[in-house]
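Structure assessment
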Amino acid sequence: MQISNDTDLVKISKVMDEVLKVRTKRSLIPKSYSTNRAYASDLADFMDWCDLYGYQSLPATDREFSLYIVSLILNGYKTSTIKRRIVAICQAHLSSGFLTPKTSLVNSVIIGLNKTYGTDESSKKSINKRMLNRLIEVLPQNLKGARDKAILLLGYEGLFNRSELVSINFEDIKFDQDHNLIVHFEKTRSNQRNYKEGTLTLYPNEKNCPVSAVKEWVVKSEIRSGALFRSINKHGHLSDKRLSDKGVALIVKEYVKLAGFSYHSYSSSSLRNRVKTHKKS
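Residues numbered from 1 in each chain as written. Predicted model: local features only at pLDDT ≥ 70, side-chain atom pairs only at ≥ 80, totals over all residues. Heavy atoms only, no water.

**Here we look at the nonpolar core**
Filter applied, for reference: The definition of a nonpolar core used throughout is a set of buried Ala, Val, Leu, Ile, Met, Phe, Trp, Tyr and Cys residues joined through side-chain atoms within 4.5 Å. Each residue is assigned to one of three classes by its accessible area relative to the maximum for its type, calculated with a 1.4 Å probe on protein chains only: buried under 20%, partly exposed between the two thresholds, exposed over 50%. For the purposes of this entry, the term helix denotes a DSSP run of H or I that reaches at least four residues, the term strand denotes a run of E that reaches at least two, and both are numbered from the N terminus. The criterion used for residue contact is that any of the two residues' heavy atoms lie within 4.5 Å.
I127, L152, L154 and F229 are the most contacted members of the largest nonpolar core, which has 42 residues in total. Listing elements by their share of this core, those giving two or more residues are α6 (129-137), α7 (143-158), α8 (162-167), β2 (181-184), β3 (199-202), α9 (210-221) and α10 (245-258). By residue number, the principal contributor to this core is α7, which donates seven residues. Non-local contacts of F229, meaning those with residues more than four positions away in its chain, are made with R147, A150, I151, L154, L165, I168, W217, R242 and L243. Core analysis: the next-biggest nonpolar cluster, separate from the first, contains 15 residues, I73, I82, I89 and V106 among them.

Quick look at the structure:
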């Protein structure tokens, strides 16, 4: 744009002043603690992803932003989660003085992939007992296999969603004198249990028992405090870092694929979607 005289400069200055006033007012609008925490977590995930693949996070290009969105959709994230992350990343750009990377390219990616794969948990198929047994059969016989077996069986029998699973600490579990497993947890809004909130008792059974699986994981991992489920690197070494909720989704998809099923149709919610199925029938 070519500026012809001082009058134009004055007009531009006034417009910029108004823009800054609006942005300042928006930044003063209070958000709930949970919203701010979710946005911070969303931005951190995007920055970690950029670091992993060698991209610059702030500012990000529309191409890199598009690739990130693609990865979220392919990993089975809900539409609401993806939209919230887009908002968080765009707000971070604006507050840092950068243009938002949400362009027509990004919008076309979102529309196209939603049509192809879908991202709502409600659209994911449920895992039944027979399929669960098949997933257990393809688990590796190592430390990762022990962890993933405990996650799959505990998630299935306890109707845990992925955020509840990864929030469990060693101090939250106890084996009583009858060898039952008692789990204390923070119940989230997305779960469908009708038993006493915050406490779950699981009883031993013969095949693919969650009680035995958790006990085996505790013994093999030698975890005695802190996060019960943790990251394991490609060399099989256990980390002190708590497993992310995204990690649970990837675990489900990994074994669904190994067992010969279409991993696009399943996510971590598939472990508990059978409750919704039964309610409809």
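Picking up after the structure, the text goes on.
**Quick look at α6**
Just so we agree on the cut-off: As used in this structure description, the phrase polar contact means that two N or O atoms lie within 3.5 Å; if the pair is within protein, one of them must be able to donate a hydrogen and the other to accept it, and residues adjacent in sequence are counted only when both atoms belong to side chains.
The set of residues buried in α6 consists of M131, L132, N133, L135 and I136. Close packing links the buried residues of α6 with α7 and α10. Here α6 starts with a cap whose side-chain oxygen sits 3.3 Å from the backbone nitrogen of R130, and that cap is N128.

**Thoughts on the environment of V252**
Within the secondary structure, V252 sits in helix α10. When the C-alpha atoms of V252 and S269 are compared, they prove to be 9.3 Å apart, with 17 residues separating the residues in sequence.

**Concerning the pairing of β3**
As a reminder of what qualifies: DSSP calls a pair of strands paired once it identifies at least 2 bridges connecting them.
By the alternation rule, side chains of β3 split into L200 and L202, which are all buried, and T199 and T201, of which none is buried. Two elements, β2 and β3, share four bridges in a ladder whose sense is antiparallel. Bridging from a neighbouring strand, H184 pairs with T199 of β3.

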